[in-house]
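Tertiary structure, described
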Amino acid sequence: MAWSFETEPAFQVELDWISGFVREKVEPLDELLGSQWNIHDPAFVEHVRPLQQQVRERGLWACHLGPHLGGKGYGQLKLALMNEQLGRSRFGPIVFGTQPPDTGNAEILAHYGTDAQKARFLEPLLANDIVSCFAMTEPQGGADPLVFRCTAMPIGDEWLITGEKWFASNARYAAFYIVMAVTDPDAPPYRRMSMFIVPADTPGITILRNYGCHGEPDDDHAHVRFEGVSVPAENMLGGRGDAFVVAQVRLGGGRLHHAMRTLALATRAFDLMCERALSRFTKGERLADKQMVQEKIADSWVELRQFRLLVLETAWLADRSKDWNAVRQNIAAVKAVMPKVLHDISARALQIHGSLGLSTAMPFTDWLNHSYLLGLADGPTEVHKVTVAREALKGFCATDAMFPAAMRDVSVAGR
Ligand SMILES: Cc1cc2nc3c(=O)[nH]c(=O)nc-3n(C[C@H](O)[C@H](O)[C@H](O)COP(=O)(O)OP(=O)(O)OC[C@H]3O[C@@H](n4cnc5c(N)ncnc54)[C@H](O)[C@@H]3O)c2cc1C
């Protein structure tokens with residue numbers, strides 16, 4: 001497959017429409033509404049539902065889905081370019097039917113759900129008549145899934161789930177959870193856990209507390225307790241012990257889409273930085289004429305372009321190989337670098353705006369906080385860097401010699 005930096009003209013028309021629609025109609029919702037998952041809030045119904053309808057009429061609803069599920073079957077490259085526009089607004093994804101964690105959960109259900117489960121959970125999820133939650137992390141540790149303790153015990157035709165989950169985003173609005181639980185404590189480490197659909201109204205589920213993150217409007221991340229929560233045997237998604245395999249289904253695309261949405265925010269910060277640099281005067285000249293300001297602009301521009309190319313290359317490779325495992329190094333690299341790109345560019349934009357930049361009247365501190373969120377949610381940066389390095393090292397061998405083969409011969413170099 002040839003490498004090309006061009007966008008198909010017909011798709012560019014759609015991107016232009018999306019760009020205008022997001023800027024004019026969707027971005028204002030960020031100031032107007034609370035949580036984007038609170039779909040039964042009358043204000044959500046009033047302001048978001050009509051926009052979702054326009055997206056459907058344009059044929060751009062839930063484009064990440066294959067045609068058999070009502071989507072366009074767009075490849076990752078097109079989805080990446082779309083997400084670059086949607087990411088400008090907190091509400092962009094939900095207005096276009098592509099909000100996490102529902103996208104990932106839908107992929108799992110489409111892959112592993114029975115027909116009855118698809119009718120009950122997947123169809124309303126795809127229509128955004130309900131939202132969902134992914135409950136994997138536990139209070140005693142998230143970066144290492146081998147420390148998870150929440151169990152599911154087989155009792156007759158049921159599984160009995162007992163334990164606690166942590167930072168389960170969106171739990172209080174969700175109609176169902178996808179829960180990862182230990183079913184086989186003595187199995188090899190990555191065969192101990194299985195995945196279950198748990199309807200949110202099942203007796204025994206308690207939200208102990210909802211936690212908020214700075215920069216987000218509501219407290220959306222739940223500490224949840226499951227006490228003898230009973231689900232039928234068919235609610236297991238995938239086979240017994242398959243939780244890690246099932247979890248992989250939801251991660252690859254999600255990380256890429258997150259990355260392009262992050263790029264969108266970093267681009268907004270860059271745009272604001274440039275406008276301010278051209279508009280503000282000090283000591284008789286524009287900020288844009290100061291070399292240290294120019295350095296901030298130049299560094300930011302380069303970082304944006306580098307990051308964009310990495311994400312688009314990853315999307316292109318994913319389309320070509322159709323195998324997330326084959327692009328795991330790229331995906332981990334994208335995940336590891338995205339917090340830094342957003343952090344550094346938002347910080348420079350804040351600095352150039354002076355006191356105004358630090359104030360709540362501007363979005364920079366929200367974006368700085370968001371950069372920390374990106375470095376934790378879906379695994380800390382350190383863990384993803386380990387993956388990048390491990391994959392890189394696979395291409396090399398140790399040498400038996402005392403010194404590297406490339407070491408210069410001193411007698412030659414000294415001549
Ligand atoms: C906004 C947000 C939303 C989230 N939503 C969900 C959700 O919907 N569902 C869900 O299940 N989880 C969710 N999470 C949880 C997220 O997956 C965890 O926060 C993440 O996996 C890290 O786990 P932890 O917070 O327990 O940190 P810990 O595991 O305690 O790690 C703390 C720190 O230790 C360091 N560290 C950890 N491991 C290594 C390592 N191998 N090498 C070097 N350093 C290391 C890192 O600096 C890391 O940040 C969310 C988190 C956030 C912030």
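Small disclaimer: the values here were computed from a predicted structure and weren't measured.

Take the site of the ligand next. Around the ligand sit 21 residues, and of these Met136, Thr137, Gly142, Ala143 and Glu382 come closest. Of all the elements in the fold, those that place two or more residues in the shell around the ligand are β1 (132-135), β3 (158-169) and α13 (381-393). Per-element tally for the shell around the ligand: the top contributor is β3, with three residues. Among the residues forming the shell around the ligand, the class breakdown is 13 nonpolar, six polar and two charged. Each of two domains, domain 2 (132-241) and domain 3 (245-393), supplies a minimum of three residues to the shell around the ligand.

Bringing the packing of helix α8 (residues 243-279) against helix α10 (residues 328-352) into the picture now. For the pair α8 and α10, interaxial distance at closest approach is 9 Å and the crossing angle is 20°. Considering their axes alone, α8 and α10 lie roughly parallel with respect to each other. For the pair α8 and α10, the crossing hand works out as left-handed. Across the contact of α8 with α10, the residue classes tally to 17 nonpolar, three polar and four charged.

The α-helix winds at 3.6 residues per turn, so residues separated by three or four positions along the chain end up facing the same way. Compared with the 36 Å implied by 1.5 Å per residue over 25 residues, the 37 Å span of α10 between its first and last C-alpha is a close match. Looking one or two places after α10, you find Gly354, whose phi comes out positive at around 60°.

Pro100 connects to Pro101 through a cis peptide bond whose omega is 0°. Along the polypeptide, Pro101 turns up in the loop between α5 (92-95) and α6 (102-112). Phi is positive for Lys322, close to 55°, though the residue is something other than glycine. Among the structural elements, Lys322 can be located in the loop between α9 (291-321) and α10. Residue Lys322 is classed as exposed on the basis of its 10 C-beta neighbours within 10 Å. A positive phi angle is found at Asp378, which is not glycine, with a value near 65°. As for its position among the elements, Asp378 is in the loop between α12 (364-374) and α13.

Right, let's talk about the domain arrangement of the protein for a bit. Here the domain parsing of the protein yields domain 1 (9-99), domain 2 (132-241) and domain 3 (245-393). Domain 2 puts eight residues into the contact, and the matching count from domain 3 is eleven residues. In terms of residue class, the side of domain 2 that touches domain 3 is built from five nonpolar, three polar and no charged.

Of all the seven residues making up strand β5 (residues 193-199), six are buried; the element is thus mostly covered by neighbouring parts of the structure. Summarising the sheet, strand β4 (residues 176-182) and β5 pair through seven bridges and their orientation is antiparallel. Looking at the pairing, Tyr177 lines up with Val198 of β5. Pairing between β5 and strand β8 (residues 236-237): two bridges, direction antiparallel. Bridging from a neighbouring strand, Phe196 pairs with Met236 of β8.

Moving on: the pairing of strand β2 (residues 151-155). Bridge analysis of β2 against β3 gives five bridges, and the strand direction is antiparallel. The partner of Met153 across the bridge, within β3, is Leu160. Hairpin connection, β2 to β3: the antiparallel pair is bridged by two residues, and Gly156 has positive phi, about 60°.

This paragraph deals with the nonpolar core. Ranked by size, the top nonpolar core spans 102 residues in total, and within it Ile161, Tyr177, Phe196, Ala269 and Val311 carry the most contacts. Considering each element in turn, this core owes the most residues, 14 residues, to α8. With residues near it in sequence (within four places) discarded, Phe196 still touches Ala152, Trp159, Ile161, Val179, Ala181, Val231, Asn235, Met236 and Leu237.

Contact geometry of helix α4 (residues 76-86) with α9 gives a least axis separation of 7 Å together with a crossing angle of 150°. Classified by the angle between their axes, α4 and α9 sit roughly antiparallel to one another. Contacts from Gln76, Leu77 and Ala80 of α4 reach α9 at Val311, Leu312, Ala315, Trp316, Ala318 and Asp319. Of the residues belonging to the contact of α4 with α9, the class tally is seven nonpolar, one polar and one charged.

Moving on, we get to the environment of Ala175. On the secondary structure map, Ala175 appears in the loop between β3 and β4. Ignoring any residue separated from it by four or fewer positions in sequence, one finds Ala175 in contact with Ile130, Val131, Ser132 and Ala200.

Right, let's get into the environment of Arg280. Within the fold, Arg280 resides in the loop between α8 and β9 (281-282). Among the residues examined, Arg280 registers 15 C-beta atoms within 10 Å and is labelled partly exposed. Residues Arg280 and His353, spaced 73 residues apart in sequence, show a C-alpha to C-alpha distance of 8.8 Å. Beyond its immediate sequence surroundings of up to four residues, Arg280 is in contact with Arg286 and Leu287.

Reading the values: rules and limits
Residues numbered from 1 in each chain as written. Predicted model: local features only at pLDDT ≥ 70, side-chain atom pairs only at ≥ 80, totals over all residues. Near = placed C-beta within 6 Å. Helix = DSSP H or I, 4+ residues; strand = E, 2+ residues; numbered from the N terminus. Nonpolar A, V, L, I, M, F, W, Y, C, P; charged D, E, K, R; others polar. Domains from an automatic or database assignment. Axes fitted to C-alpha atoms, helices over the stretch in contact; angles between N-to-C directions. Parallel < 35°, antiparallel > 145°, perpendicular 65-115°, else oblique. Left-handed = near helix turned anticlockwise from the far one by under 90°. Expected span 1.5 Å × (residues − 1). Buried ≥ 20, exposed ≤ 12 C-beta atoms within 10 Å, placed from the backbone. Contact = placed C-beta atoms within 7 Å. Pairing = 2+ DSSP bridges. Core = buried A, V, L, I, M, F, W, Y, C linked by C-beta atoms within 7 Å.

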